[in-house]
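Each chain is listed here by its residues.
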Amino acid sequence: MKKILITGANGLLGQKLVSLLSKQQNVNLLATALGKCRFSFPDNVAYRNLDITNADACKNLFNEFQPDALIHAAAMTQVDACEDEREICDLINITGVSNLIKAIENRNTHFVHISTDFIYEGDEEEYFENSKVNPLSYYGRSKWKSEQLFEQVSFPYSILRTVLVYGVLEDLSRSNIVLWAKAALEKGEKINVVNDQYRCPTLAEDLAYACLQVIQENATGVFHVSGKDFLSILDLVFEIADYWGFDKSLINSISTDSLNQKARRPSKTNLNLSKAKQGFNYQPKSFREGLTLLDEQIKKIEVVSAMAYLSFLLILHLSL
């Protein structure tokens with residue numbers, strides 16, 4: 001029985017990990033996040049409140065649970081907020097990782113750390129794991145500093161650098177590029193979309209599966225884990241409009257400079273996936289395949305919500 005601990009379980013990736021890992025045989029799963037659990041977890045999953053910025057709390061939980069593997073999905077990822085709130089950013093993205101590293105102590109816990117394409121400047125046609133690092137934003141710098149914390153550790157670790165993660169949940173507290181664009185276009189709203197930023201959008205399920213695979217295959221080191229398609233943000237939104245049949249004239253092409261964002265973004269982050277494909281057979285879905293899965297999940301959520309509403313009306317009627 002392998003004990004796996006997840007941080008950031010309330011988030012998009014965290015919930016996808018809980019869903020995936022709870023279906024695996026011989027896995028004892030402990031999901032953690034800051035505060036109360038915001039999702040319905042399976043009977044075979046335990047949940048605990050964990051503040052990763054509290055070193056004693058991390059140490060005590062590790063001493064109690066003694067995980068064989070840790071998947072660290074908690075982070076401050078709001079890029080512009082990190083620019084404004086640098087102390088909080090450092091506390092979560094750097095000190096939090098340091099606390100978890102120290103909590104492992106002499107154990108052989110496999111630490112799976114989620115990092116980002118924002119550690120790159122964005123001036124190369126393709127990025128490999130050993131490409132030059134030069135983050136443009138404070139968020140990117142904080143994630144790069146967190147990666148450097150692993151240089152002296154004695155336990156096995158995997159750093160997964162990912163890109164523009166998207167997906168859907170019943171109770172998703174934060175939106176993402178796909179849900180934002182879909183919701184706006186569905187309402188007939190005009191949206192401004194940048195035409196000079198290029199990414200490999202990553203389906204949350206693919207990233208969750210990669211986390212499981214590196215543990216199962218004992219794949220250690222730094223890996224790029226993203227979607228297989230390299231698209232401009234503008235073309236990404238056009239793909240969304242195509243898939244759901246929305247009016248493309250609602251999409252207004254703009255440059256990044258016109259947004260006056262506080263944090264600079266890399267223009268192009270095309271991550272080479274060869275190492276992940278060879279190391280643990282990473283096979284991401286295309287963006288179109290991701291949209292198909294998303295559409296199926298949204299329809300299921302809508303059915304469940306409709307049934308819950310009808311049940312509420314029935315109970316209300318019977319009580320009158």
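As the structure is a prediction and not an experimental result, all values here were calculated from the model.

Here's the deal with helix α8 (residues 233-244)
In step 1: End to end, α8 covers 17 Å across 12 residues, agreeing with the expected 16 Å (1.5 Å per residue, within 8%).
In step 2: Those residues of α8 not exposed but buried are Ile233, Leu234, Leu236, Val237, Ile240, Ala241 and Trp244. Around the axis of α8, the buried residues are gathered within 165° of arc, so they sit on the same side.
In step 3: Looking one or two residues beyond α8, the residue adopting positive phi is Gly245, at roughly 70°.

A look at the pattern of salt bridges
In step 1: Counted according to the given criterion, the structure contains 12 salt bridges.
In step 2: Linking Asp84 and Lys262 is a salt bridge whose minimum nitrogen-to-oxygen distance equals 2.8 Å. One end of the pair, Asp84, is in helix α3 (residues 79-84); the other, Lys262, is in the loop between β13 (251-254) and α9 (274-280), and 178 residues separate them in sequence.
In step 3: The exposure class of Lys262 is exposed, given its relative accessible area of 55%.
In step 4: One salt bridge in this structure joins Asp242 and Lys248, with 2.8 Å as the shortest N-O distance.

Re the side chain of Ser137
In step 1: Position of Ser137 relative to the elements: it lies in the loop between β5 (110-116) and α5 (138-148).
In step 2: Overall, Ser137 belongs to the buried group, its relative accessible area being 1%.
In step 3: At 3.0 Å, the side chain of Ser137 and the backbone nitrogen of Gly140 are in polar contact.
In step 4: Setting aside anything within four residues of it in sequence, one finds Ser137 in contact with Val79, Glu83, Phe118, Ala263 and Arg264.

Quick notes on helix α2 (residues 55-65)
In step 1: Among the residues of α2, those classed as buried are Cys58, Leu61, Phe62 and Phe65. For α2, the angular spread of buried residues about the axis comes to 100°, placing them on one side. Every exposed residue of α2 that faces more than 90 degrees away from the buried side is listed here: Asp56, Asn60 and Glu64.
In step 2: In this structure, the buried side of α2 is in contact with β1 (2-7), β2 (27-33), β3 (45-49), β4 (69-72) and α4 (86-104).
In step 3: Sitting at the head of α2, Asn54 places a side-chain oxygen 3.1 Å from the backbone nitrogen of Asp56.

Observations regarding the pairing of β2
Every other side chain in a regular strand lies on the same face of the sheet, so the side chains alternate between the two faces.
In step 1: Most of β2 is tucked away, with 6 of its 7 residues classed as buried.
In step 2: The pairing of β1 with β2 spans 5 bridges and is classified as parallel. Residue pairing across strands places Leu5 opposite Leu30, the latter belonging to β2.
In step 3: As a crossover connection, the stretch from β1 through helix α1 (residues 12-21) into β2 is right-handed.
In step 4: Judged from the 5 bridges that link them, β2 and β3 form a sheet pairing that is parallel. Across the sheet, Leu29 pairs through a bridge with Val45, a residue of β3.

Observations concerning the layout of surface pockets
In step 1: Within this model, the second largest pocket holds a volume of roughly 750 Å³.
In step 2: Split by residue class, the lining of the second largest pocket holds 12 nonpolar, 7 polar and 9 charged.

Here's the deal with the nonpolar core
In step 1: With 33 residues, the main nonpolar core has Ile4, Leu17, Leu21, Ile71, Leu160, Val225 and Phe280 as its most contacted residues.
In step 2: Among the elements of the structure, β1, α1, β2, β3, β4, β5, α7 (204-216) and α9 are those that each provide at least two residues to this core.
In step 3: At 7 residues, the largest contribution of residues to this core is made by α7.
In step 4: Membership of the second largest hydrophobic core comes to 29 residues, among which are Val168, Ile233, Leu291 and Ile301.

A short note on the confidence of the model for the chain
In step 1: With 93% of its residues at a pLDDT of 70 or more, the chain shows a mean pLDDT of 93.
In step 2: Confidence drops under a pLDDT of 50 for residues 305-310, and excluding neighbours within four residues, the segment shows 0 contacts in the predicted structure.

Criteria and cut-off values
Residues numbered from 1 in each chain as written. Predicted model: local features only at pLDDT ≥ 70, side-chain atom pairs only at ≥ 80, totals over all residues. Heavy atoms only, no water. Helix = DSSP H or I, 4+ residues; strand = E, 2+ residues; numbered from the N terminus. Expected span 1.5 Å × (residues − 1). Buried < 20%, exposed > 50% of the residue type's maximum accessible area, 1.4 Å probe, protein only. Arc of directions from axis to C-beta. Salt bridge = Lys/Arg side-chain N within 4 Å of Asp/Glu carboxyl O. Polar contact = N/O pair within 3.5 Å; in protein donor to acceptor, adjacent residues only side chain to side chain. Contact = heavy atoms within 4.5 Å. Pairing = 2+ DSSP bridges. Right-handed = clockwise from strand over helix to strand, strands pointing away. 1 Å grid on protein atoms, 1.4 Å probe; cavity = no way out; pocket = protein on both sides within 12 Å on 5 of 7 lines; lining within 4 Å. Points joined across faces, edges and corners; volume = space filled by probe spheres on them. Nonpolar A, V, L, I, M, F, W, Y, C, P; charged D, E, K, R; others polar. Core = buried A, V, L, I, M, F, W, Y, C linked by side-chain atoms within 4.5 Å. pLDDT = per-residue confidence, 0-100.

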